[in-house]
Amino acid sequence: MRAAGLVVMMVAGCGRIGFDARGGTRGDGGGEDGGAIDGDPTPGCAGSGTFAVATTYPAGATPNDLALADFDKDGILDIAVANVTSGSVSLLYGRAGGGYEAPMGFASGGNTLALEALDLDGDGRLDLASANYMAGNVARLVNLGNRTFANAGATPTTGGPYALASADFSGDGTRDIAVVLYDGSAAELLRTQPSGDFAVEAGNATGTNPIAVAAGDVDGDGRPDLVVSQYGANSVGVMRYASPGVLNTPTSFGVSSAPWGIALADMDGVNGLDIVVAASGTETVGVLRNTGTGSFSLQSPVPVGPAPRGLAVADLDEDGRPDVVVASQGAGGIDVLLAGPGGGFSPHAPYPTGQGPNAVAVADMDRDGALDIVSANTGGGTVSVLPGICR
């Protein structure tokens, strides 16, 4: 990742899933054009695809998802964490000399499962949207510009919201929110209003128990589609753009048992975005290759650690091929799958993190030019940062 600024690859999952360090150009997802930030301030440093021992920081009660962004606009990436048990969001602000401040907590709503970072009110500061499962709503946490956030209210959903993605679904130049409802087996689009509020614009049924979502243009028509991990149906559903604010009912493609995290990225350089999915039931990661004809074909899955959850996609070793990062909750670590020159992946034994990693994100957190990995660890109430090692 040599180019300065934001390098975008699509990512998403029960958490990210990729990451949210994208500011106004971003599109999660996880992404979710998600991707990786690499300002490359250290000339000559290139990522090797290997990682140093993780440093773990306290976060909140049962961290489930995270978003990476420069929330205080000091040039250093910060970490926002969704805390399920406390119904809150924690902000860990990056220090100029490295490391992170003690977490600052902000109330979000009952059972906060997922986060999206986007500028809701157009003031140039990144705000947060949170999916609150037990509260049955999506809350807006407005960035006040002094390292604090204010809960500006919530929009009710018709079921328990489990995961979020953002894109300009309404075509008005403003990022909107897509939310999947696990117990309602549906997806809803929430349109961002000029006031920063959300309005429920459209909804549609999905396969059983959608648990992760990603947004991206999978059919090459220049308009954002939605891809949903249908946990209870053992499938991935592709909901194509129909008109501003309207998505078609999903076309489903079978995958291995109990699909969890998903990501969108062009894995093979042909036919546009493919779908990467973690199958928790078979402890594998598979790629649904885009055929270019409106269909997807599942390639041979790759074994990973037990209970794979969120995942992210980025070129970790800077060889021009997208690699995959997976949170293996049962292993207490992160699997790194480096793409090979002839296709396929070379798995690495899980890098240890805090207990029960659930979501992952990728960005250059320490500004050395190599991409780093951040995980939200549900079991330990922590986040872990794994520094990328330069070649």
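Residues numbered from 1 in each chain as written. Predicted model: local features only at pLDDT ≥ 70, side-chain atom pairs only at ≥ 80, totals over all residues. Heavy atoms only, no water.

Scanning the chain for helices and strands turns up 0 helices and 35 strands. By residue count, 61% of the 391 residues in the chain fall in the buried class. (Helix = DSSP H or I, 4+ residues; strand = E, 2+ residues; numbered from the N terminus. Buried < 20%, exposed > 50% of the residue type's maximum accessible area, 1.4 Å probe, protein only.)

Under the counting rule described, the total for this entry stands at 11 salt bridges. Put simply, R289 and D268 hold a salt bridge, and the shortest N to O gap is 3.7 Å. Pair noted here: R289 is in strand β25 (residues 284-290) and D268 is in the loop between β23 (259-265) and β24 (274-279), with a separation of 21 residues, a long-range link. Within the structure, one salt-bridge network assembled from shared partners comprises D72, D74 and R147. (Salt bridge = Lys/Arg side-chain N within 4 Å of Asp/Glu carboxyl O.)

It is worth spelling out the sheet that holds strand β33 (residues 372-377) at this point. The strands that make up a sheet pair up through hydrogen bonds in the backbone, lying either parallel or antiparallel. Ordered in space as β4-β34-β33-β32, the 4 strands form an open sheet in which the pairing is antiparallel. Edge positions in the open sheet fall to β4 (55-58) and β32 (357-363), since each of these has one partner strand only. Each strand of the sheet is rotated relative to its neighbour by a mean of 20 degrees, with strand direction disregarded. With 5 bridges joining them, β33 and strand β34 (residues 382-386) adopt antiparallel strand pairing. (Pairing = 2+ DSSP bridges. Axes fitted to C-alpha atoms, helices over the stretch in contact; angles between N-to-C directions.)

Right, let's talk about the pairing of β32 for a bit. Counting buried positions along β32 gives 7 out of 7 residues, so the element sits mostly inside the fold. Summarising the sheet, β32 and β33 pair through 6 bridges and their orientation is antiparallel. Bridged to A359 within β33 is A376.

This brings us to unusual backbone geometry. A positive phi is found at N234, a non-glycine position, where the angle reads about 55 degrees. Residue position: N234 is located in the loop between β18 (225-230) and β19 (235-239). Judged by its relative accessible area of 34%, N234 is partly exposed. Not every positive phi belongs to a glycine, and E283 is a case in point at roughly 55 degrees. Following the sequence through the fold, E283 ends up in the loop between β24 and β25.

With respect to the helices and strands, the residue D225 is situated in strand β18. Using a relative accessible area of 0% as the deciding quantity, one classes D225 as buried. Taking the C-alpha atoms as reference points, D225 and F169, separated by 56 residues in sequence, lie 8.2 Å from one another. Residue contacts for D225: discarding those within four places in its chain leaves F169, A214, A215, G216, D217, V218, D219, M239, R240 and Y241. One polar contact links the side chain of D225 to the main-chain amide nitrogen of V218, over a distance of 2.9 Å. Of the polar contacts made by the side chain of D225, one reaches the backbone nitrogen of Y241; its length is 2.8 Å. (Contact = heavy atoms within 4.5 Å. Polar contact = N/O pair within 3.5 Å; in protein donor to acceptor, adjacent residues only side chain to side chain.)

With that out of the way, let us pick up the state of the cysteines. Applying the stated criterion across every chain, the model contains 1 disulfide. Here C45 connects covalently by a disulfide to C390, the sulfurs 1.9 Å from one another. Judged by the sign of its S-S torsion, about -60 degrees, the bond between C45 and C390 is left-handed. Of this pair, C45 sits in the loop between β2 (35-37) and β3 (47-51) while C390 sits in strand β35 (residues 388-390), and the two are 345 residues apart along the sequence. The exposure class of C390 is partly exposed, given its relative accessible area of 30%. (Disulfide = S-S within 2.5 Å.)

So, about the environment of G261. Of note, G261 is situated in strand β23. Sequence separation between G261 and P308 is 47 residues; the distance between their C-alpha atoms is 7.9 Å.

Moving on, we come to the sheet that holds strand β17 (residues 210-216). Read from one edge of the open sheet, 4 strands run β17-β18-β19-β22, paired in antiparallel fashion. Of all strands in the sheet, those with a lone pairing partner are β17 and β22 (251-254), marking the two edges. The average angle at which neighbouring strand axes cross in this sheet is 20 degrees, direction not considered. As defined by bridge partners, β17 adjoins β18 across 6 bridges and the pair is classed as antiparallel. Bridge pairing links P210 to Q230 in β18.

Now for the confidence of the model for the chain. Of the residues in the chain, 89% have a pLDDT of 70 or more, and the chain-wide mean is 89. Across residues 1-40, confidence stays below pLDDT 50; counting only partners more than four residues off in sequence or on other chains, it has 215 contacts. (pLDDT = per-residue confidence, 0-100.)

Now for the side chain of S130. Relative to the helices and strands, S130 is located in strand β10 (residues 127-132). In this structure the side chain of S130 is engaged in a polar contact, spanning 3.2 Å, whose partner is the side chain of N132. With residues near it in sequence (within four places) discarded, S130 still touches S108, T112, A114, L115, N137, V138, A139, L141 and L164.

What follows deals with the packing of aromatic side chains. Think of a pair of aromatic rings as described by two things: how far the centres are apart, and how the planes are tilted against each other in angle. In the structure shown here, the tally under the stated rule is 8 aromatic pairs. Each ring, one from Y57 and one from Y100, has its centre 5.1 Å from the other, and the planes form 80 degrees; the classification is edge-to-face. In this pair, Y57 is assigned in strand β4 and Y100 in the loop between β7 (88-92) and β8 (104-107), connecting sequence segments 43 residues apart. Taken together, the ring pairs connect F71, F106 and F149 into an aromatic cluster. One residue, R309, lies across the ring of W260, its end atom 3.9 Å from the ring centre. (Phe/Tyr/Trp six-rings, centres within 6.5 Å; stacked < 30°, edge-to-face > 60°. Lys NZ or Arg CZ within 6 Å of the ring centre and 35° of its normal.)

In this section: the environment of A131. Within the secondary structure, A131 is located in strand β10. C-alpha separation for the pair A131 and A154, spaced 23 residues apart in sequence, amounts to 9.6 Å. Excluding anything up to four places from it in sequence, A131 contacts N111, T112, L113, A114, N137, P161 and L164.

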